[in-house]
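# Breakdown of the fold
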2 protein chains.
Amino acid sequence: MADYIAPLQRLIEEFRKLPGIGGKTAVRLAFSIVTGTSERAEAFSDAILTAKREIRACSVCCNLSASELCPICSDPDRDRSTICVVEDARAVMAMERIRDYKGMYHVLGGALSPMNGITPDRLHIKELLSRLASSEVREVIIATNPTVEGETTASYLARLLEPFEIKVTRLAYGIPVGGDLEYADEVTLHRAMSGRTNLL
Amino acid sequence: MADYIAPLQRLIEEFRKLPGIGGKTAVRLAFSIVTGTSERAEAFSDAILTAKREIRACSVCCNLSASELCPICSDPDRDRSTICVVEDARAVMAMERIRDYKGMYHVLGGALSPMNGITPDRLHIKELLSRLASSEVREVIIATNPTVEGETTASYLARLLEPFEIKVTRLAYGIPVGGDLEYADEVTLHRAMSGRTNLL
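Residues numbered from 1 in each chain as written. Chains lettered and ligands numbered in written order. Predicted model: local features only at pLDDT ≥ 70, side-chain atom pairs only at ≥ 80, totals over all residues. Heavy atoms only, no water.

## Thoughts on a nonpolar patch on the surface
Residues and elements named next belong to chain A. Together, I175, L181 and L189 make up a nonpolar patch on the protein surface, roughly 250 Å² of accessible area in all. Tracing the sequence through the fold places L189 in helix α7 (residues 186-194). Look at L189 and you get partly exposed, because its relative accessible area is 30%. (Patch = residues over 30% accessible without salt bridge, like charges linked within 9 Å, V, L, I, M, F, W, Y side chains within 5 Å. Areas by Shrake-Rupley, 256 points an atom, 1.4 Å probe, with all protein chains shown as cover. Salt bridge = Lys/Arg side-chain N within 4 Å of Asp/Glu carboxyl O. Helix = DSSP H or I, 4+ residues; strand = E, 2+ residues; numbered from the N terminus. Buried < 20%, exposed > 50% of the residue type's maximum accessible area, 1.4 Å probe, protein only.)

Printed below as a string of structure tokens:
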């Protein structure tokens, strides 16, 4: 028996397609399914189908939503004059966790990466522009990730938003709180220096 | 939006039930499903149900199998005089990878752990005894894991097999090949010393 039996092999391969799941982990997870109860396997299988079927993009901000509008876009208490532009819905969750941002979001659905075929038309940029054209937005905070792709996207958006004559900002770069200068990479330190603030 | 939307939350919780999957990983995996294609979600969901439905225990050795007998038990070329007793089907796969064991297996389905309610009647020990009673087995190799539970199971089985008057062996303990003495724990070193072999 060189290989796993077919249905197990197939399940292992499905687990391997998940991000960050390597061969050994996929085997462990697949075994836990086949050695677990049928009820658990059914609940898991159903949760996957249900989530995929019921979750769609919010028609305004493209955040994940179980209804036409996501909970943020349908909340009348949020400040509609500010839009925080992020790469994906996970970034929305991260921002929401800090609990002091009360504005809106716009989820791009990724970051520009021409090498991987992610060109501006693949992101929800058109939707952002139409929101800006038809609403009372006064500030766009670009909160794409601090990666090459995120930076490229931020510059691209900044240029694109120029004609709207609204405030366009970018999240600050610097040393992370609780971090250690010794372990900070050079680029971060450089950004922390050039973005230094006055104390006195 | 303090929490994730319901179907996403449910999927995250299903992922969290998998062994070794923590909160952040569960979120990452669940997002990859809802942001992926419907085809992928369906294939994954179906692989889970199919694996669970089609895989059962081999009627002889209790190894995972897609048919009445597992590929090993149905292979006429395997040596039926030796049975290697392991805790689970993953150990069978590990042993098969070394490619030089040509005997049979017996999968216990766990290791004794009275604290966790795993008593002898919860393991496939009865099935092992009936195999021994009715076949030409000459050696039982106990290959339970080198843990407290695995050791307990090994001693329990050794006592239980005494009346059969067959050879009962245990996998050797020692320093792992490619390991470093400096990093070996004391118990392993102690076992390596007491199990030392003659060179001259």
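On we go.
## What to know about the interface of chain B and chain A
On the side of chain A, 54 residues touch chain B, which itself brings 54 residues to the contact. For the pairing of chain B and chain A, the buried interface totals around 4,900 Å² over both sides, and the portion due to carbon and sulfur atoms is 74%. On the surface where chain B and chain A come into contact, there are 2 salt bridges. Put simply, D46 of chain B and R10 of chain A hold a salt bridge, and the shortest N to O gap is 2.8 Å. Going through the elements one at a time, α1 (6-16), α2 (23-35), α3 (38-54), β2 (64-65) and α4 (89-97) of chain B are the ones with two or more residues in the side of chain B that touches chain A. With 15 residues, the top contributor of residues to the side of chain B that touches chain A is α3 of chain B. Looking at the side of chain B that touches chain A residue by residue, the class counts come to 31 nonpolar, 10 polar and 13 charged. (Contact = heavy atoms within 4.5 Å. Buried area = accessible area lost by both parts, 1.4 Å probe. Nonpolar A, V, L, I, M, F, W, Y, C, P; charged D, E, K, R; others polar.)

## Considerations on the relation of the copies chain B and chain A
Once chain B is rotated about the relating axis by 180° and shifted along it by 0.0 Å, it coincides with chain A to within an RMSD of 0.1 Å. On the angle and the small slide along the axis, the relation comes out as a two-fold axis. Proximity to the rotation axis, assessed at the C-alpha, singles out S45 of chain B in chain B; its C-alpha lies 2.2 Å from the axis. Take the interface residues of chain B: 100% of them recur as interface residues in chain A, which is what a same-surface contact looks like. (Least-squares fit on C-alpha atoms with pLDDT ≥ 70 in both.)

## Quick notes on the packing of aromatic side chains
For the structure shown, the criterion picks out 7 aromatic pairs over all chains. Through a chain of ring-to-ring contacts, the aromatic side chains of F15 and F44 of chain A together with F15 and F44 of chain B assemble into a single cluster. One cation-aromatic arrangement involves R191 of chain A over Y173 of chain A; the distance from NZ or CZ to the ring centre is 4.2 Å. (Phe/Tyr/Trp six-rings, centres within 6.5 Å; stacked < 30°, edge-to-face > 60°. Lys NZ or Arg CZ within 6 Å of the ring centre and 35° of its normal.)

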